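An overview of the molecular structure
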Amino acid sequence: MALLELENITLRFAGNTVLDGVTFSVEARSIVSLIGPNGAGKTSLFNSITGFYKPQAGAISFDGLQTLRLKPHQVTAAGIARTFQNVRLFRDMTVLENVMSGMHCRTKAGAIGALLRLPSQRREEALIHETAAECLDFCGVLEDRSRIATTLAYGHQRRVEIARALATQPRLLLLDEPAAGLTAGEKEDLIALIGRIRDERGISVLLIEHDTGLVMRISERISVLDHGVLIAEGKPKEIQANPKVIEAYLGQDDGGELEL
Amino acid sequence: MIVRSPATSPMGRLQAVWDDKRLRYPLVAVIFALMAIAPHVLGPYATVILTNALLYVVLCLGLNIVVGYAGLLDLGYAAFFAVGAYTIGIVHHVLGLDFWLTLPLAVLAAAAAGIIIGSPTLRLRSDYLAIVTLGFGEIVRLSARNLQITGGASGISGIEQPWLFGWHISSPLDFYYVFCVLAVFAVIASLRLADSRLGRAWLYVRHDEDAAEAMGIDRVKVKLAAYVTGAIFGAIGGAFFAVNLSAISPESFSFRQSVLVLMAVVLGGMGKIPGVILGAFIVILGPELLRDLGDMRLLVFAVGLLLIMLFRPSGIWPRSR
């Protein structure tokens, strides 16, 4: 059984069908990409998986757990972490404090613990700091730990966001256009980082990405979404040769973005 | 044009002293010493005013958790202040329990009220909360005014003043010191909450609810925790307020009271503890210092506040970084 399984997911907004019977899966320890023209429903699919949107029909199971009706924080606690299309770090807070947020669902100290500084609370605080620092180190931005997150260069902010997602200790990581706005050099670093997330931490990665060169290089499998319908699924080579995919991209007004 | 760097403005200099770890402890020692001798130097009238200012420090720090940390606009904070005060008054009259046994009941009553009001409304976005809390504040005041158990418009009087290890806390000077201790506890509690898992969660939710949820934070639960914590601060303030005056009436818990506390928090700089303390003192001492102006004093005070908000829209205490 796959780690994540979507079955016939249908999502409508005010009569518009955004996702139409999407059936899709992600295996454990795999890197899967979701591509498609703008407005195809990729981010909507992410929002459905993470509990932000509530699809009207279908089923989502993550490691045997039905997650469709769960709230976003419960989905995260179950082991699915995400980043956002436009980086959403917490303003006015340091890089370390941002990443510490990821440990919230793995710890439990409350007001009493905080007021009395109980030993269990102090141990937990130490663990939160330690984990956050480790995640920053893993993403190569530990030296920025004390800076205000939103003052970092864009590429570093993206890395902090990934570190923050990793701090939730997920088994599946959803990256929404992680390469957008990155320089060529930063994209190479991102490819290496995504590879290490899978290889060293055993986390499956599902990404939405427009840079097809990057997608072809790192993905084991690619799914193509067009107008809310999954039109193709397969290995990178198969996708490159798929006539339906080529048509979906060429059919766009801007001549398509898929450089095959 | 000369641009003042933060370090050269008076507040900036004060903040620099506060932020310097070596200077902080001597500064705290000086503040404690001033607090201890103030009533002896300034006389009985000033002692009463300062006691009121210290009560406001407790209330403002409580509201600061709700408004400053968690970003929830609460327009009916006086309701929790009232719940604390009336619980002391009613329990004393009906059951005749000792103050120290009643205090936990006041805290529980405020927490229960916080949960009842908060759990349905905190699911909504914050504008609705402002309206609901505004209504709640008025409901509590009007109930107190019209119920028999709360003594109607004349309120409850003859509330017994507490004993502590053989010390009868009764004179204004006694209460001054009690409120000093309360204010210090409120500051320590605020600092500890801010630097904790829950305190950070409040900031996360305030900055970006969706990102916070994506990090596994239950926003409703976290907001409710802030609301209830603020309620408990208010109730403790109210409980000591009741025994200090030994009489309470509904008019002490009006909308004006809620607004005054909120004003002190916003004026000082939401979320900044030294700023909020300063805000509490300004709101209470300001009109007193302007007493010589007679009828004009509230007008002058209001203009002063407007000017502060015009030139320092994020509060008088500078941003910490």
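Definitions and cut-offs
- Along each chain, residues carry numbers from 1 onward, in the same order as the chain's sequence is written.
- A letter from A marks each chain and a number from 1 marks each ligand, given out in the order of writing.
- Owing to the predicted nature of the model, reporting of local features is limited to residues with pLDDT of at least 70; listing and counting of side-chain atom pairs is limited to 80 or more, with chain, interface and lining totals taken over all residues.
- Helix numbers and strand numbers start at the N terminus; a helix is a DSSP run of H or I with at least 4 residues, a strand a run of E with at least 2.
- Counting other C-beta atoms within 10 Å of each residue's C-beta, where C-beta atoms are placed from the backbone, gives the exposure class: buried for 20 or more, exposed for 12 or fewer, partly exposed between.
- C-beta atoms are first placed from the backbone for all residues, and any pair lying within 7 Å is then listed as a contact.
- DSSP calls a pair of strands paired once it identifies at least 2 bridges connecting them.
- Working convention: axes come from line fits to C-alpha atoms, limited for helices to the stretch in contact. Angles between N-to-C directions cover 0 to 180 degrees.
- An angle below 35 degrees is treated as roughly parallel, one above 145 as roughly antiparallel, one from 65 to 115 as roughly perpendicular, and anything else as oblique.
- By definition, any crossing whose near helix is turned counterclockwise from its far helix by less than a right angle is left-handed, and any crossing with a clockwise turn is right-handed.
- Side-chain classes follow a simple rule in which Ala, Val, Leu, Ile, Met, Phe, Trp, Tyr, Cys and Pro form the nonpolar group, Asp, Glu, Lys and Arg form the charged group, and the remainder, Gly included, forms the polar group.
- In this analysis, the expected span of each helix is defined as 1.5 Å times one less than the number of residues it contains.
- Where a domain begins and ends is set by an automatic assignment or by a domain database.

The next point concerns the overall build of chain A. Counting its secondary structure elements, chain A contains 10 helices and 10 strands. Counting over 260 residues, chain A shows a buried share of 45%. The long-range share in chain A, meaning contacts at least 24 apart out of those at least 6 apart in sequence, stands at 66%.

Residue and element names in this part refer to chain A. An order of 6-7-8-3-9-10 is seen for the six strands of this open sheet, with the pairing classed as mixed. Taken across any chain shown, the strands that pair with only one partner, and hence form the sheet edges, are strand 6 (80-82) and strand 10 (229-234). Strand-to-strand twist of the sheet, defined as the mean angle between neighbouring strand axes without regard to direction, takes the value 20°. In terms of strand pairing, strand 3 (residues 31-35) meets strand 8 (residues 204-208) through four bridges, oriented parallel. Of the residues in strand 8, the one forming a bridge with Leu-34 is Ile-208. Sheet strands in contact with helix 1 (residues 42-49) are strand 3, strand 6, strand 7 (172-176), strand 8 and strand 9 (221-226), and its direction is about 150° off that of strand 7. Sitting on the sheet, helix 7 (residues 184-201) touches strand 3, strand 7 and strand 8, and the angle it makes with strand 8 is about 150°.

Our next topic: the sheet that holds strand 4 (residues 57-62) of chain A. As a general point, the strands of a sheet are linked pairwise by backbone hydrogen bonds and lie either parallel or antiparallel. All names here are of chain A. If you walk across this open sheet you meet the four strands as 2-1-4-5, and the pairing is antiparallel. Of all the strands in the sheet, the pair left with one neighbour each is strand 2 (16-26) and strand 5 (65-66). Pairing of strand 4 with strand 5, which is carried by two bridges, proceeds in the antiparallel orientation. The residue of strand 5 that forms the bridge with Ser-61 is Gln-66. Docked against the sheet, helix 1 engages strand 1 (4-13), strand 2 and strand 4, running at close to 65° with respect to strand 2.

Between two packed helices, the angle of one axis relative to the other and the distance separating the axes together describe the packing. Residues and elements named next belong to chain B. As a packed pair, helix 3 (residues 44-69) and helix 7 (residues 172-194) sit with axes 9 Å apart at the nearest point and diverge in direction by 20°. Looking at the two axes, helix 3 sits roughly parallel to helix 7. Remark: the crossing between helix 3 and helix 7 carries left-handed chirality. Of the residues assigned to the contact of helix 3 with helix 7, the class counts are 22 nonpolar, four polar and no charged.

Take unusual backbone geometry next. All names here are of chain A. With a phi close to 55°, Arg-29 is a non-glycine residue in the positive phi region. For Arg-29, the position within the fold is in the loop between strand 2 and strand 3. Of note in the backbone geometry, Asp-92 takes a positive phi value of approximately 60° without being a glycine. Inspection of the secondary structure assignment puts Asp-92 in the loop between strand 6 and helix 3 (95-100).

Now for the pairing of strand 3 of chain A. Residues in a regular strand project their side chains so that they alternate between the two faces of the sheet. Extensive coverage of strand 3 of chain A is indicated by the burial of five of its five residues. Neither face of strand 3 of chain A is left uncovered, since the one carrying Ile-31, Ser-33 and Ile-35 of chain A and the one carrying Val-32 and Leu-34 of chain A both have all their residues buried.

Turning next to helix 6 (residues 154-166) of chain A. Residues and elements named next belong to chain A. Here helix 6 spans 19 Å end to end across 13 residues, near enough to the 18 Å set by a 1.5 Å rise per residue. The element helix 6 is largely enclosed, with a buried count of 10 among its 13 residues. What helix 6 keeps buried is the set Gln-157, Arg-158, Arg-159, Val-160, Glu-161, Ile-162, Ala-163, Arg-164, Ala-165 and Leu-166. Looking at the buried side of helix 6, the elements it contacts are strand 6, helix 3, helix 5 (119-138), strand 7 and helix 7.

The accessible area lost on association of the parts is a frequent measure of interface size. Chain A puts 29 residues into the contact, and the matching count from chain B is 24 residues. Within the residue set of the side of chain A that touches chain B, elements represented by two or more residues are helix 2 (72-78), helix 3, helix 4 (111-116) and helix 5 of chain A. By residue number, the principal contributor to the side of chain A that touches chain B is helix 2 of chain A, which donates four residues. In terms of residue class, the side of chain A that touches chain B is built from 13 nonpolar, nine polar and seven charged.

Looking now at the domain arrangement of chain A. Residues and elements named next belong to chain A. Taken as a whole, chain A is organised into domain 1 (1-79 + 171-260) and domain 2 (91-169). Here the C-alpha centroids of domain 1 and domain 2 sit 27 Å apart. Contacts between domain 1 and domain 2 engage 10 residues on the former and eight residues on the latter. Put simply, the parts of the chain that give the side of domain 1 that touches domain 2 at least two residues each are helix 2 and helix 7. At three residues, helix 2 tops the list of elements feeding residues into the side of domain 1 that touches domain 2. A per-class count over the side of domain 1 that touches domain 2 returns five nonpolar, four polar and one charged.

We now examine the environment of Lys-235 of chain A. Among the structural elements, Lys-235 of chain A can be located in the loop between strand 10 and helix 9 (236-241). The spacing of Lys-235 of chain A and Ser-223 of chain A is 12 residues in sequence and 8.8 Å in space, taken between C-alpha atoms.

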